[in-house]
Amino acid sequence: MPLFRYTAVGSDGKQNNGTYKAVDRERLLKHLKEQGLTPVSITELSDDKELDQAPPSRPLDTSVVSFSFGISRKELMVFTRQLATTLNAGLPLMRIIHVVCNESKNPRIKKVMGTIGTSLQKGKSFSQALEEHPGIFDSMYINMVKVGERSGDLPSCIMRLAELLEKEIALRRKVKSALAYPSFILIFTTIMTYALVAFMMPLFTPVFRDSGLNIERDYPLTHYLLKASDFATSGPKMGLLLTALVCLFGGMKLVLNHPQGRLAWDLFKIHIPFVRTFFLNVVAARFARSFSLLLKSGVPLVDAMKLVARAAGNEAVAQRLSRGAREIGEGEGITKTLKGSQVFPDMLIQMSAMGEEAGSLPDMMERVADYYDEEVDSSVDALTALLEPSMMILIGGVVCVFVMGVLLPILGVSSSVQEQM
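Within any chain, residue numbers begin from 1 and follow the written order of that chain's sequence. Totals for whole chains, interfaces and linings use every residue, but because this is a predicted model, local features are given only for residues with pLDDT of at least 70 and side-chain atom pairs only at 80 or more, for both listing and counting. Calculated side-chain values reflect all of the structure's heavy atoms, with hydrogen atoms and water omitted.

A. The arrangement of a nonpolar patch on the surface in detail. Like-charged residues are merged into a patch within 9 Å and nonpolar side chains (Val, Leu, Ile, Met, Phe, Trp, Tyr) within 5 Å, provided each residue has over 30% relative accessible area and no salt bridge. All accessible-area figures derive from a Shrake-Rupley calculation using a 1.4 Å probe, and residue coverage is judged against the displayed protein chains alone. Between Lys or Arg on one side and Asp or Glu on the other, a salt bridge is scored when a side-chain nitrogen of the former is within 4 Å of a carboxyl oxygen of the latter. Taken together, the side chains of Leu221, Val399, Val401, Val403, Met404, Leu407, Leu408, Ile410 and Leu411 make up a nonpolar region of the molecular surface, amounting to roughly 660 Å² of accessible area. Strands here are runs of E lasting at least two residues and helices are runs of H or I lasting at least four, both read from the DSSP assignment and numbered beginning at the N terminus. If one sorts the elements of the nonpolar patch by residue count, helix 18 (residues 361-420) sits on top with 8 residues.

B. Structural view of helix 15 (residues 315-329). The end-to-end C-alpha separation of helix 15 is 21 Å, in line with the 21 Å expected for 15 residues at 1.5 Å each. Buried residues of helix 15: Ala316, Val317, Ala318, Arg320, Leu321, Gly324, Ala325 and Ile328, and no others. It only takes one pair of heavy atoms within 4.5 Å for two residues to be counted as in contact. Looking at the buried positions of helix 15, the neighbouring elements they touch are helix 12 (259-269), helix 13 (276-296), helix 14 (301-310) and helix 16 (334-340). Directly after helix 15, the chain includes Gly331, whose backbone phi takes a positive value near 105 degrees. Expected span of a helix, by definition, is 1.5 Å for each gap between consecutive residues, and there is one gap fewer than residues. Throughout this description, buried means an accessible area under 20% of the type-specific maximum (1.4 Å probe, protein chains only), exposed means over 50%, and partly exposed covers the range between.

C. Just the pattern of salt bridges, in detail. One pass over the full model with this rule turns up 16 salt bridges. The partner of Glu75 in a salt bridge is Arg108, and the shortest N-O contact between them spans 2.7 Å. Of this pair, Glu75 sits in helix 3 (residues 73-88) while Arg108 sits in helix 5 (residues 107-121), placing them 33 residues apart in sequence. Here Asp370 ties to Arg289 by a salt bridge, and the two come within 2.8 Å at their closest N and O atoms. A residue pair is termed long-range when its members are at least 10 positions apart, and Asp370 in helix 18 and Arg289 in helix 13 qualify at 81 residues.

D. Structural detail: the packing of aromatic side chains. In summary, the pairing rule links any two rings of Phe, Tyr or Trp, Trp by its six-membered ring, whose centres are within 6.5 Å, and it sorts them by plane angle into stacked for under 30 degrees, edge-to-face for over 60 and tilted for everything else. Following the criterion strictly, the structure yields 7 aromatic pairs and no others. Considering the side-chain rings of Tyr194 and Phe199, the 6.2 Å spacing of their centres and the 90 degrees angle between planes classify their relative orientation as edge-to-face. Residue classification places Tyr194 among the partly exposed positions, given a relative accessible area of 36%. Ring geometry for Phe287 and Phe291: centres 5.1 Å apart, planes at 20 degrees, overall stacked. Taken as a pair, Phe287 and Phe291 lie in helix 13 at a separation of 4 residues, close to a single helical turn. The pair formed by Phe287 and Phe291 is uniform in burial state, with each residue classed as buried. Within the aromatic cluster, the residues linked to one another by ring pairs are Phe287, Phe291 and Phe344.

E. Quick peek at helix 17 (residues 346-358). Over its 13 residues, helix 17 extends 18 Å from the first C-alpha to the last, a length consistent with the 18 Å expected when each residue adds 1.5 Å. Buried residues of helix 17: Leu348, Ile349, Met351, Ser352 and Gly355, and no others. Each buried residue of helix 17 sits inside an arc of 165 degrees when the element is viewed along its axis, so together they form one side. Away from its buried face, by an angle of more than 90 degrees, helix 17 presents the exposed residues Asp346, Gln350, Glu357 and Ala358. The positive-phi residue at the C-terminal boundary of helix 17 is Gly359, with phi of around 75 degrees. Note that the arc is defined by the directions from the helix axis to the C-beta atoms.

F. Region of interest: the side chain of Thr337. For Thr337, the position within the fold is in helix 16. Each residue touching Thr337, except ones within four places of it in the same chain, is listed here: Gly324, Glu327, Ile328 and Glu332.

G. Representation of the nonpolar core. The nonpolar core is taken to be a set of buried Ala, Val, Leu, Ile, Met, Phe, Trp, Tyr and Cys residues, with the residues joined through side-chain atoms within 4.5 Å. Met113, Ile116, Phe126, Phe137, Phe287 and Phe291 are the most contacted members of the largest nonpolar core, which has 80 residues in total. For this core, the element with the highest residue contribution is helix 13, accounting for 12 residues. Counting 17 residues, the second-largest nonpolar core is a separate cluster that includes Val197, Ala232, Met391 and Val406.

H. Unusual backbone geometry, seen in detail. Within the chain, Gln342 stands out as a residue other than glycine whose phi angle is a positive 55 degrees. Tracing the backbone through its elements, the reader meets Gln342 in the loop between helix 16 and helix 17. Classification of Gln342 as exposed rests on a relative accessible area of 66%.

I. Broad picture of the confidence of the model for the protein chain. Confidence scores labelled pLDDT are given residue by residue by the predictor and lie between 0 and 100. For the protein chain, the average pLDDT comes to 79, and 87% of its residues sit at 70 or higher. Between the elements of the protein chain, mean pLDDT differs from a low of 40, seen in helix 2 (residues 48-53), to a high of 90, seen in helix 11 (residues 235-257). In the model, residues 46-69 has pLDDT below 50 throughout and makes 40 contacts with residues more than four positions away in sequence or in other chains.

J. Main features of the environment of Leu164. If you trace the backbone, Leu164 turns up in helix 8 (residues 154-209). A relative accessible area of 8% means that Leu164 is categorised as buried. Residues Leu164 and Arg289 lie 125 residues apart in sequence; the distance between their C-alpha atoms is 7.0 Å. Apart from the residues lying within four places of it in its own chain, the contact partners of Leu164 are Met140, Arg289, Ser290 and Leu293.

Following this line, the structure appears as structure tokens:
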């Protein structure tokens, strides 16, 4: 009969090491379960000699060396979905963390999961283990886990978290897709313009200057193109321009990292003409989805509003929601609070009023989230349809300016030659 060496964790968080003879691994797992132990590692030993020489089983490896900057939201979403699926299947939490730590090929995830597994082995709760990584798990995530632990329904709370993260990533993907095309066209147009004035225009410069024409007076467009060409081909001037751009970019980063600067930028985003409705629809979809999730999980209304404020993704909106949470705590209605924030569309406020009166606010918020998800899709399609011809006009305008700046003086030279003949 095979002999197994095992390392397991009891309900009190203490680690237990030992050996056990069993017909197979499944029989050992059953034995450990009957003892109230969760296995961390199991090693089969073939004989007594190997038993004496075998090294002790190790807990989760937390010594993975990696240049880690955290886990992306997409990676967090994949982990949360795996966690929700396996918890619903009845697997113990410790075993799930152990499997993720060992099977993941991402060194960042291995390192974080290893640390979480070690915390669980020391007797900490899952939410306490997550709190040790605030850069990865935000306050909403941790509080949802706490709600699941207190209610005894952790799998359902994790499943809702997975759905929320999937919706959030889908929403971000829509926003990125709306901005990707104009960003590419602007970069392409900038490179093309530089190539025209730095490499093509110098080929015509000697012809224009030796033509005898008064370029500055008769052809101002060509004159400006020549000035731009001189600037683009001057090393010191281009170096000064690049330095100024780097300083401008660095200054913007510093401003955005400052709370007041971030607030001003986020406030500007929700007041930009033409795209204001798009940004407000994104805010409404994210708020309604998160708010519905928290209320369905049993989080009190005031606490749910505070958590949604922290996860709003927009400082201007977050401050208004935080103020709204205080007003609700003082007895104000949710509908009046949302209306007073002057951020959310009328439909969300009306649906909130209906849900508040009917006592079905979480379900109503979920329907609102679905509606605004569709609105964001429609906005992305409309913006893309509008931007495509606009970008083509921009590129055509740049080419037209260059062609006219080159062609008009050439026609002037031709006319003067014909007059002399």
